[in-house]
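Observations on the model geometry
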Amino acid sequence: MSTPAMILAQDIHKRFGDLEVLKGIDAEVDEREVVCLIGPSGSGKSTLLRCMNALEKFQKGHITICGHDLTGSKTNVNEVRRDVGMVFQSFNVFPHMLVLDNLMLAPMKVLKVSKAEARERAMALLEKVGLVDKAKVYPTKLSGGQQQRVAIARALAMQPKVMLFDEPTSALDPETVGEVLEVMKALAEEGMTMMVVTHEMGFAREVADRVLFMDNGVVVEQGPPREIFDNPQHDRTRAFLSKIL
Amino acid sequence: MTIDFGAVLPYLPVMLKALGISIEVTVLSFFIGSVLGIFVYLGRRSGLAPLRWLAHGFIEVFRNTPLLVQLYLIYFGLPEVGINLNPFWSTLAGMTLNNAAYTAEIFRAGIESVPNGLVEAAGALGMRFSQTFRFIVLKPAIRNVLPALTNQFIVLFLFSSVGSVISLNELTSALADLNQRTLRTLEIFTIGGILYYLTSAVIAGSSRLAERYLFRW
Ligand SMILES: Nc1ncnc2c1ncn2[C@@H]1O[C@H](COP(=O)(O)OP(=O)(O)O)[C@@H](O)[C@H]1O
Ligand SMILES: [Mg+2]
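Worth saying up front: this structure is predicted, and the values here are computed from it rather than measured.

Take the packing of helix α3 (residues 67-77) of chain B against helix α4 (residues 87-112) of chain B next. Residue and element names in this part refer to chain B. The interhelical angle for the contact between α3 and α4, taken along N-to-C directions, is 135°, at an axis separation of 9 Å. As judged from the angle between their axes, α3 and α4 are oblique. Every pair of crossing elements has a handedness; the one defined by α3 and α4 is right-handed. Only Pro-87, Ser-90, Thr-91, Ala-93, Gly-94, Met-95 and Asn-98 of α4 make contact with α3, whose side of the interface consists of Leu-67, Gln-70, Leu-71, Ile-74 and Tyr-75.

This is the structure we're talking about:
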């Protein structure tokens, strides 16, 4: 018996005005699977990820995620987003709230969790990302790597079924990239279902179950990391990898 | 007549009482008007075209006509259609509407200064538009326009002197009154000016304190 996919995208077409950014994307992420999405800048990776939690609308195709169907206009996007955590390249931590409050706000306001429980959850998550001592600090006082770990913990505080990461380490100083990747790796090992846009090929190779290579709005090829990295089938994949590795 | 501040000092309590009314009408109109200003701003970005036009028209009218004219209309004009407001309520109404039009524009600048990434992050956490606005956007937006809001507060306070033309017993009206009684124009208006100045200085100082303690991050 196979369980239905956590994320299933079929023939997604997306355009901004006259610019067609996604040209018929098919993608699938199963439960507990980690899928890395790689490809040149401008190929539509962020747009695809943003379609999956309804931050962008798409013109054609179907997406189901955690049992929600995003196709119908009647879907309640806020209900979808409760189940789908997202981590952005630019962290987007709430600057005017203590780290602890960053983690407590959405569970209290969206899930109506009690303050005591929200605090307990938040402290447990800060422990997990190694930032317990920063609970009562404003995020503006933290390094980029620390802010991104806060952002990950904040998304996890909603107890999502799926996590989407959009280049979570691209805006970081090289010396703080590792600490963020460690947190993501631990999450993957716990069995979190993840879709990760990344340029960290070492991470993709080690953690991903599958790698999708996207170029110019289409998925050019996909497969286990060893196949994609060591034996790419398409010229475009080879050209991209030779530039980035 | 020689200059003698001692001669007008006995009237200080009268002036302070009138200053109290100036402050009262300013504080009330500033806070009610600012809340109204947020709604006017939201009206301007509404998906409903009539709401947008209404909000836009409101801002245009109140920003491009003198407060004095607005006040005359409210106090002397409205009774003709059966609405009678006493001087205090008339001044409060005029200043509130005027302040709403100005703060709507200030809030627009403030809200546009909040990075869109924060709004998206809140949305991605499942927060509704109203929750995102209240918990994520409002505080950083206010901090970013605190100097402009403070300035507006002080201007509004100084404009409360228009209440004197419809015989609201605020500070300017009291000064004119005392001037007629004592004929000590220089002394009376000097002290009055100092009272206005000191109050404005307190407002500016409070704003800096708020910046340091309420909006520190
Ligand atoms: N909001 C938008 N409006 C117009 N064009 C956009 C918008 N967002 C992205 N694009 C365009 O869509 C294309 C794909 O962008 P993106 O999904 O961000 O690519 P990637 O994440 O792979 O670098 C780019 O050409 C980009 O300029
Ligand atoms: Mg991108």
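Now, onward.
A few words on the side chain of Ser90(B). Residues and elements named next belong to chain B. If you trace the backbone, Ser-90 turns up in helix α4. For Ser-90, a relative accessible area of 0% corresponds to the buried category. Residues in contact with Ser-90, not counting those within four places in the same chain, are Leu-71, Ile-74, Tyr-75, Leu-85 and Ile-166.

Attention now goes to the interface of chain B and chain A. If you look at the interface, chain B gives 18 residues, while chain A gives 25 residues. Carbon and sulfur atoms supply 67% of the area that chain B and chain A bury against each other, a total of about 1900 Å² over both sides. At the surface where chain B touches chain A, the tally comes to one salt bridge. The interface formed by chain B and chain A holds five residue pairs in polar contact (both at pLDDT 80 or more) in total. Counting residues per element, the ones that place at least two in the side of chain B that touches chain A are α5 (116-124) and α6 (129-144) of chain B. Looking at the side of chain B that touches chain A element by element, the count peaks at seven residues for α5(B). The class makeup of the residues in the side of chain B that touches chain A is 10 nonpolar, four polar and four charged.

Next up on the list: the pattern of salt bridges. Summed over all chains, the structure comprises 18 salt bridges over all chains. Close ionic contact of Lys128(A) with Glu190(A) constitutes a salt bridge, the shortest N to O distance being 2.9 Å. Remark: Glu190(A) occurs in the loop between α6 (174-189) and β8 (193-197) and Lys128(A) occurs in helix α4 (residues 115-128); sequence separation between them is 62 residues. Here Glu105(B) and Arg108(B) are joined by a salt bridge, their closest N and O atoms 3.5 Å apart. In this pair, Glu105(B) and Arg108(B) are both assigned in helix α4, three residues apart and thus about one turn of the helix distant. Among the charged side chains, a network of salt bridges with common partners joins Lys14(A), Arg50(A), Glu56(A) and Glu120(B).

Residue and element names in this part refer to chain B. Taken N-terminus to C-terminus, the directions of helix α1 (residues 12-44) and helix α7 (residues 146-159) make an angle of 135°; their axes are 9 Å apart at the nearest point. Comparing the axis directions of α1 and α7 gives the class oblique. In this structure, α1 meets α7 at a crossing whose hand is right-handed. When α1 is examined against α7, the residues Leu-19, Ser-22, Ile-23, Thr-26, Val-27, Ser-29, Phe-30 and Phe-31 are found in contact with a partner set consisting of Leu-149, Gln-152, Phe-153, Leu-156 and Phe-157. Residue classes in the contact of α1 with α7 are distributed as nine nonpolar, four polar and no charged.

With that settled, the discussion passes to the packing of aromatic side chains. According to the stated counting rule, one finds nine aromatic pairs over all chains in the structure shown. Taking 6.2 Å as the distance between ring centres and 70° as the angle between the ring planes, the aromatic pair formed by Phe215(B) and Trp217(B) counts as edge-to-face. Accessibility assignment for this pair places Phe215(B) and Trp217(B) in one class, buried. Taking NZ or CZ as reference, Lys14(A) lies 4.6 Å from the ring centre of Phe16(A), over its face. A cation over a ring is seen here: Arg154(A) above Phe94(A), with NZ or CZ 4.3 Å from the ring centre.

A few words on the pairing of strand β2 (residues 19-29) of chain A. All names here are of chain A. Two strands pair when backbone bridges link them, and strand β1 (residues 7-16) and β2 are joined in this way by eight bridges, in the antiparallel orientation. The residue of β2 that forms the bridge with His-13 is Lys-23. Where β1 folds back onto β2 in an antiparallel hairpin, the turn is made up of two residues, including Gly-17, whose phi is positive at roughly 60°.

With that settled, the discussion passes to the layout of surface pockets. Taken as a whole, the largest pocket spans an internal volume of roughly 430 Å³. In terms of lining, the largest pocket is formed by 18 residues, of which the most central are Phe30(B), Phe31(B), Leu146(B), Leu149(B) and Phe153(B). Elements with a contribution of two residues or more to the lining of the largest pocket: α1, α7 and α9 (185-213) of chain B. Of the residues assigned to the lining of the largest pocket, the class counts are 14 nonpolar, four polar and no charged. As a volume, the second largest pocket reaches approximately 280 Å³. Lining the second largest pocket we find 14 residues, and of these Lys57(A), Leu70(A), Thr71(A), Gly72(A) and Ser73(A) sit closest to its centre. A per-class count over the lining of the second largest pocket returns five nonpolar, six polar and three charged.

All names here are of chain A. Helix length check: α4, at 14 residues, gives a terminal C-alpha distance of 20 Å against a target of 20 Å (1.5 Å per residue), a fit within 8%. Buried residues along α4 sit against α3 (99-109) and α5 (144-156). Taken from the residues just after α4, Gly-130 is the one with a positive phi, measuring 75°.

A word on the sheet that holds β8(A). All names here are of chain A. Judged by pairing direction, the sheet is mixed, and its six strands sit side by side in the order β6-β7-β8-β3-β9-β10 without closing on themselves. Either end of the sheet is taken by a strand with one partner, and the two such strands are β6 (84-87) and β10 (218-223). With direction set aside, neighbouring strand axes in the sheet form an average angle of 15°. As judged from the four bridges shared by strand β3 (residues 34-38) and strand β9 (residues 210-215), these two strands associate in the parallel manner. Residue pairing across strands places Val-35 opposite Arg-210, the latter belonging to β9.

Criteria and cut-off values
Residues numbered from 1 in each chain as written. Chains lettered and ligands numbered in written order. Predicted model: local features only at pLDDT ≥ 70, side-chain atom pairs only at ≥ 80, totals over all residues. Heavy atoms only, no water. Axes fitted to C-alpha atoms, helices over the stretch in contact; angles between N-to-C directions. Helix = DSSP H or I, 4+ residues; strand = E, 2+ residues; numbered from the N terminus. Parallel < 35°, antiparallel > 145°, perpendicular 65-115°, else oblique. Left-handed = near helix turned anticlockwise from the far one by under 90°. Contact = heavy atoms within 4.5 Å. Buried < 20%, exposed > 50% of the residue type's maximum accessible area, 1.4 Å probe, protein only. Buried area = accessible area lost by both parts, 1.4 Å probe. Salt bridge = Lys/Arg side-chain N within 4 Å of Asp/Glu carboxyl O. Polar contact = N/O pair within 3.5 Å; in protein donor to acceptor, adjacent residues only side chain to side chain. Nonpolar A, V, L, I, M, F, W, Y, C, P; charged D, E, K, R; others polar. Phe/Tyr/Trp six-rings, centres within 6.5 Å; stacked < 30°, edge-to-face > 60°. Lys NZ or Arg CZ within 6 Å of the ring centre and 35° of its normal. Pairing = 2+ DSSP bridges. 1 Å grid on protein atoms, 1.4 Å probe; cavity = no way out; pocket = protein on both sides within 12 Å on 5 of 7 lines; lining within 4 Å. Points joined across faces, edges and corners; volume = space filled by probe spheres on them. Expected span 1.5 Å × (residues − 1).

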